[in-house]
Amino acid sequence: PIFGEQYSCAIFDCDGVILDSNPVKIEAFRVALPDYDPIVVERFIDEHRRTGGISRYAKLARFFREYAPVDDPEAATAHAAAVFGQVALAGLLTCDELPGVADLIARFADRGIPIHVVSGGDQDEVREALRPRPLAAHLTGIHGSPTPKHEHLERLRTEGQLLPGGVY
């Protein structure tokens, strides 16, 4: 068979799939939560590792509700998310692509297959991190949080990007 002929669309995650950015995100959580018990923060980071694809906003809100409850979890979440965002974006802009991913994306593009990035990462940050990279020229769309992944995928299905019978 010809590469890609069975695909109606190619969908990639960003963190740990296109970019070697998982260590960047872990460090961003540590920097965003400097005033909390390091043992609690590490337990939270362990959960983060197990729950990929969920936005930082949801994860931090849970941190301030369950791991280290505070009087104003909304304000604490907003502050920590802002710090996280600054650290994460700086890291995303400089981290390496995973080996082979640019070639794989180019192979899909050569076949005319739409390619989307659907990430749990902040949409603006993911777009900013990917746009300067050569592989970005092949991407049909870059989608991220705060909209959950499943909503992006449902929208792509509704728009006809994910066709019945295709392999996803």
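This report concerns the structure included in the present document. (Residues numbered from 1 in each chain as written. Predicted model: local features only at pLDDT ≥ 70, side-chain atom pairs only at ≥ 80, totals over all residues. Heavy atoms only, no water.)

### Here we look at the pattern of salt bridges
Summed over all chains, the structure comprises twelve salt bridges. Asp13 is the partner of Lys149 in a salt bridge, and the nearest nitrogen-oxygen pair spans 3.1 Å. Of this pair, Lys149 sits in helix H7 (residues 149-158) while Asp13 sits in the loop between strand E1 (10-12) and helix H1 (22-32); the two residues are 136 residues apart in sequence, bridging distant segments of the chain. Here Asp13 falls in the partly exposed class, since its relative accessible area comes to 21%. With a shortest N-O distance of 2.3 Å, Arg62 and Glu47 are connected by a salt bridge. Residue Arg62 is located in helix H3 (residues 56-67), and its partner Glu47 is located in helix H2 (residues 38-50); the two are separated by 15 residues in the primary sequence. Since its relative accessible area comes to 29%, Arg62 is described here as partly exposed. One continuous salt-bridge network, built from bridges that share partners, spans Glu47, Arg62, Arg65 and Glu66. (Salt bridge = Lys/Arg side-chain N within 4 Å of Asp/Glu carboxyl O. Helix = DSSP H or I, 4+ residues; strand = E, 2+ residues; numbered from the N terminus. Buried < 20%, exposed > 50% of the residue type's maximum accessible area, 1.4 Å probe, protein only.)

### Remarks on the packing of aromatic side chains
Any two aromatic rings considered together are summarised by their centre-to-centre distance and by the angle between their planes. Counting across every chain of the model gives ten aromatic pairs. When the ring of Phe63 is compared with that of Phe64, the centres are 5.0 Å apart and the planes differ by 90°; the resulting orientation is edge-to-face. Across this residue pair, the class does not change: Phe63 and Phe64 are buried. Counting every residue linked through ring pairs, the aromatic cluster contains Phe29, Tyr36, Phe44, Phe63, Phe64, Tyr67 and Phe84. (Phe/Tyr/Trp six-rings, centres within 6.5 Å; stacked < 30°, edge-to-face > 60°.)

### Remarks on H2
Here H2 is 13 residues long and its end C-alpha atoms lie 18 Å apart, about the 18 Å a rise of 1.5 Å per residue gives. As for H2, its buried residues are in contact with H1 and H3. The opening residue of H2, the one whose side-chain oxygen lies 2.8 Å from the backbone nitrogen of Ile39, is Asp37. (Expected span 1.5 Å × (residues − 1). Contact = heavy atoms within 4.5 Å. Polar contact = N/O pair within 3.5 Å; in protein donor to acceptor, adjacent residues only side chain to side chain.)

### Observations concerning the sheet that holds strand E3 (residues 141-145)
Within the open sheet, the three strands sit side by side as E1-E2-E3. Their pairing is parallel. Of all strands in the sheet, those with a lone pairing partner are E1 and E3, marking the two edges. Across the sheet, the mean angle from the axis of one strand to that of its neighbour is 20°, orientation sign disregarded. In this sheet, E3 lies alongside strand E2 (residues 115-122) in parallel orientation, the contact comprising four bridges. Note on E3: the bridge partner recorded for His116 is Gly141. Its contacts with the sheet put helix H6 (residues 123-130) on E2 and E3, and the angle it makes with E2 is roughly 125°. (Pairing = 2+ DSSP bridges. Axes fitted to C-alpha atoms, helices over the stretch in contact; angles between N-to-C directions.)

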